[in-house]
Amino acid sequence: MTSIKEQAAISRLLSFLQDWDNGGKVARSHILDNFIKTNQGKTSPELEQEFSQGASLFLVRLTTWLRLIYMTGSCLDKLLQSIGIFLSAVSSNQYLREFLEVGGVLTLLEILGLEKIREEDKKESIKLLQVIANYGRKYKELICESYGVRSIAEFLAKSKSEETQEEVQLLLDSLVHGNPKYQNQVYKGLIALLSCTSPKAQQLSLQTLRTAQSIIGTTHPSIVECVLKVLRTMHLEVQYEAIELIKDLVNYDVCQALLKGLVELLIPSVKETSKLQPKILNDSLVPQLTAHLPVFLQQAAAAKAIGILARSNTSIAEEMLHLRVVHSLLAAMGNSDHSNSQRQASLTLEYFVQVFPVVEEHVRRSMGEELYKLFLSNAEDLYVKIDSIQADILAANKVNVSKALYLGGVPHSNTTFYLDAHDQDQLAYITYFQKEDVEGEE
C-alpha cells in the first residue's frame, strides 16, 4: 500500500494535470510560467520527484499542445522553454525518446519556416535542436535526415536578429562535428549561404566553413567562385572572414584556381565596368555614384588578399608572378574611379617590388622615374598624388614579368594558365577608361 505522503503527492499531480487539461490559453500560460520558474536546471530524478514519478505525463501534454498550436505561435516560446527543461535535464534520455517519438524534430524544423511565427519563438526552436544535436551522432543524423540542414540554413539567411543567427551558427557547428555521414551536406549548405543577402549570415557561414573545411579535408569545386563573390561586400567584417577562409584554402587543391581568380579580379570585365555610368548619369552635373560599385569593392579586396597571401608565403608570391599579378596590380592602381583599389594595389605591389628585383626593374621602366619615385616615397598615398595621365599610364601598362621569368628559366607549377581572355579583358578595360577620360576632358 502507498503511504499517506505518497497518496498526497499523487493527488497533487492529478490535480495539476487536471488544471492543465481544463485550462485555456491564459491558464496554461500561467502554469508554464510557474513551471519554468521552479524547475529550471533540474535533473531528471528531481523532475520525477517534483511530479511524483509522473513527469512524462506532463511532457506528453506539452508535446501534444505543441503539435496543436505551433502554427499559431500562441505561448510558443514558453512551451518550447518548458520542453527544453525536460530535454536539458541530466539523465533525460527517456524524455528525449518520448519527444522524438511524436515527431518533435520535424515540428521544430517546421517552425523555422513559418512566416507568422515570431523570431523569439524560432530562436527557442533552434536552442532545442542544439540540445538534441548535443546528444550525439545518432541525433545529428536524425536532424539531417529530416532535411534539417536546408531548413536551418534558410532560416539563418532570412533571420533579422543577429543574436538568433549566432544561435544558428552554434547549431551548424555542432552538426559538422562528429557527423561523418552528413558533414558534407552541412559543408555544402554553408557554401550556399555565401550568396545570401544577410551580411551577418555571410560572416557566420564563413567562420563555420573554416571549421568544416578542416574537418572534411577536401574542397567542393564551387567554393572558389562563391568565396570570391563575397569579396564584393561593403561590410569589412565579412571581407575579413572571407580573406581568412582564402588563407586556409590555399593549402588545399583549389590553390591554383584561387590565385588565378584573385589576380583576374584586379581587372574587372568590360561587362562589369560598363555598368559604371548609366546614361542617366552622363550629365556632368550629376554626382557619379561609383564609390561602392561591387566590382570595385571586389577589386580592392582582391588586391588586399593577394598582399596578405604573398607576405605569408614567398612560394605563393612567386606563383602569382607567373599569373601576371604585377601587370594586374598596376592596372588596378590606374583605376581612378575607386581610391581604395588604387591604395590596396599600390601597397601589395610595394611588397613585390621590395622582394623581387625583376619586379622592381619592370615597374620602374613602366612607371617612369618621376612616378616611380612618388611610388617609393609613399605607396599608400600614391593615389592622391597621381594625375589622370599617370593613371592612364598605369592602366595601360604592358608589364610582363611572367615572360621575363620564363625566358630566365624560372619554373612554375604544372598548372596551365590561360591568359588570352584575360588580356582581352585588360585591353577593353583600358580602352573604356581612356574613353571616359577623353569624354570628361571634352
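Residues numbered from 1 in each chain as written. Predicted model: local features only at pLDDT ≥ 70, side-chain atom pairs only at ≥ 80, totals over all residues. Heavy atoms only, no water.

- An unreviewed UniProt entry annotates the protein chain as Armadillo-like helical domain containing protein 1 isoform X4 of Zalophus californianus.

Thoughts on the overall build of the protein chain
Move 1: Scanning the protein chain from terminus to terminus reveals 26 helices and 0 strands.
Move 2: For the protein chain, the residues scored as buried account for 50% of the 442 residues in total.
Move 3: By sequence separation, contacts in the protein chain at least 24 residues apart represent 74% of the contacts at least 6 residues apart.
Move 4: Here the protein chain displays about 21600 Å² of accessible surface, and carbon together with sulfur accounts for 52% of that area. (Helix = DSSP H or I, 4+ residues; strand = E, 2+ residues; numbered from the N terminus. Buried < 20%, exposed > 50% of the residue type's maximum accessible area, 1.4 Å probe, protein only. Contact = heavy atoms within 4.5 Å. Areas by Shrake-Rupley, 256 points an atom, 1.4 Å probe, with all protein chains shown as cover.)

Re the packing of aromatic side chains
Move 1: This structure, assessed with the given rule, holds 14 aromatic pairs.
Move 2: Judged by centre distance (6.2 Å) and plane angle (40 degrees), the rings of Tyr372 and Phe375 are tilted. Of this pair, Tyr372 and Phe375 both sit in helix 23 (residues 369–377), 3 residues apart, roughly one helical turn.
Move 3: Accessibility expressed as a relative area gives 1% for Tyr372, which makes it buried.
Move 4: Given a relative accessible area of 1%, Phe375 falls into the buried group. (Phe/Tyr/Trp six-rings, centres within 6.5 Å; stacked < 30°, edge-to-face > 60°.)

A look at the packing of helix 5 (residues 76–88) against helix 8 (residues 119–133)
Move 1: Following both chains from N to C, one finds helix 5 and helix 8 inclined at 15 degrees, their axes separated by 9 Å at the closest point. The angle between the axes of helix 5 and helix 8 places the two elements in the roughly parallel class. Of the two possible hands of crossing, helix 5 and helix 8 adopt the one that is left-handed. In contact with Leu76, Asp77, Leu80, Gln81, Ile83, Gly84, Leu87 and Ser88 of helix 5, helix 8 contributes Asp121, Glu124, Ser125, Leu128, Val131 and Ile132.
Move 2: In the contact of helix 5 with helix 8, the residues fall into 7 nonpolar, 4 polar and 3 charged. (Axes fitted to C-alpha atoms, helices over the stretch in contact; angles between N-to-C directions. Parallel < 35°, antiparallel > 145°, perpendicular 65-115°, else oblique. Left-handed = near helix turned anticlockwise from the far one by under 90°. Nonpolar A, V, L, I, M, F, W, Y, C, P; charged D, E, K, R; others polar.)

Brief notes about the packing of helix 11 (residues 162–176) against helix 12 (residues 183–193)
Move 1: Contact geometry for helix 11 and helix 12: axes closest at 8 Å, N-to-C directions at 145 degrees. For the pair helix 11 and helix 12, contact is made by Leu172, Leu175 and Val176 and by Gln183, Val186, Leu190 and Leu193, respectively.

What about the nonpolar core?
Move 1: Met320, Leu349 and Phe352 are the most contacted members of the largest nonpolar core, which has 129 residues in total.
Move 2: If sequence neighbours within four positions are ignored, Met320 has contacts with Leu259, Val263, Ile306, Leu309, Ala310, Val325 and Phe352. (Core = buried A, V, L, I, M, F, W, Y, C linked by side-chain atoms within 4.5 Å.)

Considering the pattern of salt bridges
Move 1: In total, this model carries 19 salt bridges according to the counting rule given.
Move 2: One salt bridge connects Glu244 with Lys247, and the closest N-O pair in it is separated by 3.1 Å. Separated by 3 residues within a single helix, Glu244 and Lys247 lie in helix 15 (residues 236–249), roughly one turn from each other.
Move 3: With a relative accessible area of 32%, Lys247 lands in the partly exposed category. (Salt bridge = Lys/Arg side-chain N within 4 Å of Asp/Glu carboxyl O.)

Regarding helix 11
Move 1: Here helix 11 spans 21 Å end to end across 15 residues, near enough to the 21 Å set by a 1.5 Å rise per residue.
Move 2: Restricting attention to buried positions, one finds in helix 11 the residues Thr164, Gln165, Glu167, Val168, Gln169, Leu171, Leu172, Ser174, Leu175 and Val176.
Move 3: Directly beyond the C-terminal end of helix 11, a positive phi value near 60 degrees is found at Gly178. (Expected span 1.5 Å × (residues − 1).)

Things to note about helix 22 (residues 357–367)
Move 1: The complete set of buried residues in helix 22 reads Val359, His362, Val363 and Met367. End-on view of helix 22: buried residues confined to an arc of 120 degrees, all on one side of the axis. More than 90 degrees from the buried face of helix 22, the exposed residues found are Pro357 and Arg365.
Move 2: Tucked inside the fold, the buried residues of helix 22 contact helix 19 (314–322), helix 20 (325–333), helix 21 (339–355), helix 23, helix 24 (388–395) and helix 25 (401–407). (Arc of directions from axis to C-beta.)

Observations concerning the environment of Glu46
Move 1: Position of Glu46 among the secondary structure elements: in helix 3 (residues 44–50).
Move 2: Judged by its relative accessible area of 37%, Glu46 falls in the partly exposed class.
Move 3: For Glu46 and Val90, which are 44 residues apart along the polypeptide, the C-alpha to C-alpha distance reads 9.5 Å.
Move 4: For Glu46, the side chain forms a polar contact with the main-chain nitrogen of Thr43, separated by 2.9 Å. (Polar contact = N/O pair within 3.5 Å; in protein donor to acceptor, adjacent residues only side chain to side chain.)

Section: the confidence of the model for the protein chain
Move 1: With 87% of its residues at a pLDDT of at least 70, the protein chain reaches an overall mean of 89.
Move 2: Taken as a whole, residues 279–289 scores under 50 in pLDDT and shows 6 contacts with residues more than four places along the chain or in a different chain.
Move 3: Across residues 414–442 the pLDDT falls below 50, and counting only partners more than four positions away or on other chains, this stretch makes 45 contacts in the model. (pLDDT = per-residue confidence, 0-100.)

A closer look at the side chain of Glu124
Move 1: Mapped onto the fold, Glu124 is located in helix 8.
Move 2: Lys127 provides the closest opposite charge to the buried, salt-bridge-free Glu124, at an N-O distance of 4.2 Å.
Move 3: Not counting the four nearest positions on each side in its chain, Glu124 is found in contact with Asp77, Leu80 and Gln81. (Lys, Arg positive; Asp, Glu negative; His and termini not counted.)

Digging into unusual backbone geometry
Trans is the prevailing form of peptide bonds, just as negative phi is the prevailing case for residues other than glycine.
Move 1: One non-glycine residue with positive phi stands out, namely Gln53, at about 65 degrees.
Move 2: Inspection of the secondary structure puts Gln53 in the loop between helix 3 and helix 4 (55–69).
Move 3: Look at Cys75: it is not a glycine, yet its phi comes out positive at around 55 degrees.

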